[in-house]
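Architecture at a glance
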Amino acid sequence: MLLIDCPHCGPRDETEFSCGGEAHIARPLAENSITDAEFAEYLFWRDNPKGVFLERWCHDAGCRKWFNAARDTVSHAFLEIYPMGSLPKSDAGKAAYAGSWRRKTASEAAAKPSSVKGGKA
Amino acid sequence: MAESPDRGARRLPGGKPKYSIFSLLRNARSYHQDWQRAWRSPEPKKSYDAIIIGGGGHGLATAYYLAAVHRMTNIAVVEKGWLGGGNTGRNTTIIRSNYMWDESAAIYDHALKLWEGLTQDLNFNLMFSQRGVLTIAHSWHELREMSRRVHAIRLNGIDSDVLNPDQIKKLVPMINIDPSIRYPVMGGFLQRRGGTARHDAVAWGYARAADDLGVDIIQNCEVTGLRRKGNRIEGVETTKGFIKSPKVGCVVAGHCSVLGAMADVRLPIASRPLQALVSEPIKPELDTVIMSNAVHMYISQSDKGEMVLGAGVDKYNSYAQRGSFPVPEHMIAAAVEIFPILSRLRMLRHWGGIVDTCPDASPIISKTDVKGLYFNCGWGTGGFKATPGSGHVFADLIANDQPNKIAAPYALDRFQTGLLIDEHGAAGVAH
């Protein structure tokens, strides 16, 4: 049983939350110019580390707001909780973000505005 | 030195004495002190023709069929812990093949047909019991959906019958068919060929039969790296040193992403805990396997008399081999109402295993971009039933470097082509 520290409501029982899986998966904007294999990286391929995992949670039965978390998938310890749209600040979180294979994928490169002609989606 | 009690015994193809009533009697004369070891514990050789990573049911079955069917006997199974100590020893031992899609029907019924002769094939009592698997419905919608599925399943030649509550009560006297409970039993569907088997025996039976054919089973040997040369696999780095092999098959369930990362192979897998528990043993009361989609519950009675109950997967990724209490609590709350006698039983043991869940709830049996590296994973919450079929087709893939007709739809490229085998909700139980 986890006690999860909701950034808005404080520590609450895990049954109030749902887990949204891997965080920081950007949707490719240049979706028509990338291959099916590259789009599959975005759609189906998932990071599944043994150790620090960056993931999204939603406080379903409370404030109903989403937030990001860096959690250890072996000890289940929450190492950092940080807002949606931002990157982790703890050393463990930063290392997990930089170390993820997703940073090197074509689908993530295709999610940057510069990947689309004229710089706009 | 005493004469071997197995002199004159009938033998397996590789020379191991067969287990039989006669070998039992012969060994009784030496007070069962001289039974031959079921398998050796060899040190790894420098190289093999193929290496299977993972000494669970699927991995050992793969090794056995590689040796028995494809005559590849210079092979090894590398296991980080002990045989069958992962999900093979942690599941609820349910066997069935009532899946809806054609691709699933093909592989799960292939497995079920192998199960039916497996005790004889392996000369190992798997305690395979075709006691029937009954899936119950708790709403009109679920019942109608179930009828539709039963028709689809029967079109694939797999036995399935819809039962009404009275028929269910007759089959399972301990069930409560009172319509006023939270999860009322409105009907169900039964696969009579389904049932259970002794999970440890499956690992041990395959291990003994594979060892008999010359397969090296290396326990307590963890794979720490996969060595590639360019786009080709060279072998595996282990805690017992480097082992060379042109073919490596990974059959490690929950740890497949960890292993894939060692060779830069990415998978669409999420590793989650799946929990189960047993009650204290009681006298025979339940001779059918019962499952519920809506509750995420399955129950059967083991030959020891324990009620074996399984729950749904936990909702977040984990490698901890333990789950969260609310998950079994939810399942038990419903189970106690559906089977009131359970309320008086005490729980004996409770455990979790890490399952490799796949986006379409179907397995991955596939080559990879690395030549000679194969993956058999993604069985998620329902791998045990498929053990013989999974090993059989995976051995075929490794031996021929191309999938057979049954395995082909399970290739990794289905996540690019979109040809998914979506068994979410289509299978006999929710995944």
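Heads up: the structure comes first, above all this text.
Here's what I pulled together on the structure shown here. (Residues numbered from 1 in each chain as written. Chains lettered and ligands numbered in written order. Predicted model: local features only at pLDDT ≥ 70, side-chain atom pairs only at ≥ 80, totals over all residues. Heavy atoms only, no water.)

**Focus: the interface of chain B and chain A**
If you look at the interface, chain B gives 24 residues, while chain A gives 25 residues. Across the chain B to chain A interface the summed buried area is about 2,200 Å²; carbon plus sulfur atoms make up 57%. The tally of links from chain B across to chain A stands at zero salt bridges. Along the contact surface separating chain B from chain A lie 14 residue pairs in polar contact (both at pLDDT 80 or more). Of all the elements in the fold, those that place two or more residues in the side of chain B that touches chain A are helix 7 (256-262), strand 13 (270-281) and helix 10 (414-417) of chain B. Residues of the side of chain B that touches chain A, tallied by class, amount to 13 nonpolar, seven polar and four charged. (Contact = heavy atoms within 4.5 Å. Buried area = accessible area lost by both parts, 1.4 Å probe. Salt bridge = Lys/Arg side-chain N within 4 Å of Asp/Glu carboxyl O. Polar contact = N/O pair within 3.5 Å; in protein donor to acceptor, adjacent residues only side chain to side chain. Helix = DSSP H or I, 4+ residues; strand = E, 2+ residues; numbered from the N terminus. Nonpolar A, V, L, I, M, F, W, Y, C, P; charged D, E, K, R; others polar.)

**Description of the packing of helix 2 (residues 57-68) of chain B against helix 6 (residues 199-212) of chain B**
Residues and elements named next belong to chain B. Two numbers describe how helix 2 lies on helix 6: the axes approach to 9 Å, and their chain directions differ by 25°. Viewed along their axes, helix 2 and helix 6 adopt a mutual orientation that is roughly parallel. Relative to helix 6, helix 2 is oriented so that their crossing is left-handed. Of helix 6, the residues touching helix 2 (which contributes Gly57, Leu60, Ala61, Tyr64 and Tyr65) are Ala203, Tyr206, Ala207, Ala209 and Ala210. Classifying every residue of the contact of helix 2 with helix 6 gives nine nonpolar, one polar and no charged. (Axes fitted to C-alpha atoms, helices over the stretch in contact; angles between N-to-C directions. Parallel < 35°, antiparallel > 145°, perpendicular 65-115°, else oblique. Left-handed = near helix turned anticlockwise from the far one by under 90°.)

**Quick notes on the pairing of strand 18 (residues 364-367) of chain B**
Residue and element names in this part refer to chain B. Here strand 18 runs beside strand 19 (residues 373-377); their pairing, made up of four bridges, is antiparallel. Paired with isoleucine 365 across the two strands is asparagine 376, which belongs to strand 19. Here strand 18 folds back onto strand 19 in antiparallel fashion, the turn holding five residues, of which glycine 372 has a positive phi close to 90°. (Pairing = 2+ DSSP bridges.)

**Remarks on the sheet that holds strand 11 (residues 241-244) of chain B**
Residue and element names in this part refer to chain B. Here we have three strands laid out as an open sheet, ordered 9-10-11, and antiparallel in their pairing. Edge positions in the sheet fall to strand 9 (223-229) and strand 11, since each of these pairs with one other strand and no more. Going across the sheet, the axis of each strand differs from the next one's by a mean of 30°, ignoring polarity. Sheet topology places strand 9 next to strand 10 (residues 232-238); six bridges connect them, and they run antiparallel. Its bridge partner being in strand 10, arginine 228 is matched across the sheet by isoleucine 233.

**Describing the nonpolar core**
Residue and element names in this part refer to chain B. By size, the foremost hydrophobic cluster in this structure holds 52 residues, and its most contacted members are Trp115, Tyr206 and Ile365. Elements with a contribution of two residues or more to this core: strand 1 (50-53), helix 2, strand 2 (75-78), helix 3 (102-122), helix 6 and helix 9 (387-400). Setting aside anything within four residues of it in sequence, one finds tryptophan 115 in contact with Ile95, Leu126, Phe128, Ala197, Val202, Phe384, Lys385, Thr387 and Pro388. Ranked by size, the runner-up nonpolar core spans 32 residues in total, among them Ile51, Ile218, Ile243 and Leu412. (Core = buried A, V, L, I, M, F, W, Y, C linked by side-chain atoms within 4.5 Å. Buried < 20%, exposed > 50% of the residue type's maximum accessible area, 1.4 Å probe, protein only.)

**Quick notes on the pattern of salt bridges**
If the charged atoms of two oppositely charged side chains come close together, the side chains can form a pair. Residues and elements named next belong to chain B. Tallied over the entire structure, the rule returns 25 salt bridges over all chains. Where lysine 16 meets aspartate 211, a salt bridge forms, and the shortest distance between an N and an O atom there is 2.7 Å. With lysine 16 in the segment before helix 1 (21-28) and aspartate 211 in helix 6, this pair connects stretches of sequence that are 195 residues apart. When the shortest N-O distance is used, the salt bridge between aspartate 264 and arginine 266 registers 3.3 Å. By relative accessible area, arginine 266 is classed as partly exposed at 22%. Shared partners join several salt bridges into a network, and the residues in it are Asp109, Lys113, Glu116, Asp159 and Arg193.

**Side note on a nonpolar patch on the surface**
Residues and elements named next belong to chain B. Taken together, the side chains of Ile21, Phe22, Leu24 and Leu25 define a hydrophobic patch exposed on the protein surface, amounting to about 440 Å² of accessible area. Checked against the element boundaries, leucine 25 lands in helix 1. We classify leucine 25 as exposed; its relative accessible area is 54%. (Patch = residues over 30% accessible without salt bridge, like charges linked within 9 Å, V, L, I, M, F, W, Y side chains within 5 Å. Areas by Shrake-Rupley, 256 points an atom, 1.4 Å probe, with all protein chains shown as cover.)

**Quick word on the sheet that holds strand 12 (residues 248-250) of chain B**
All names here are of chain B. One open sheet holds the six strands; their spatial order is 8-2-1-12-19-18, and the pairing between them is mixed. Whereas interior strands pair on both sides, the edge strands pair on one side only; in this sheet they are strand 8 (216-218) and strand 18. The mean angle between the axes of side-by-side strands here comes to 15°, regardless of whether they run parallel or antiparallel. In terms of strand pairing, strand 1 meets strand 12 through three bridges, oriented parallel.

**Observations concerning the pairing of strand 11 of chain B**
Residue and element names in this part refer to chain B. Across four bridges, the pairing between strand 10 and strand 11 is antiparallel. Looking across to strand 11, one finds that threonine 238 is bridged to glycine 241. Taking the residues between adjacent antiparallel strands as the criterion, strand 10 and strand 11 are bridged by two residues.

**Concerning the side chain of glutamate 55 of chain A**
Residues and elements named next belong to chain A. Following the sequence through the fold, glutamate 55 ends up in strand 4 (residues 52-58). Of note is the side chain of glutamate 55, whose polar atom sits 2.4 Å from the side chain of arginine 71. For glutamate 55, the residues in contact, after removing those within four places along its chain, are Cys19, Gly21, Glu22, Ala23, Phe67, Asn68, Ala69 and Arg71.

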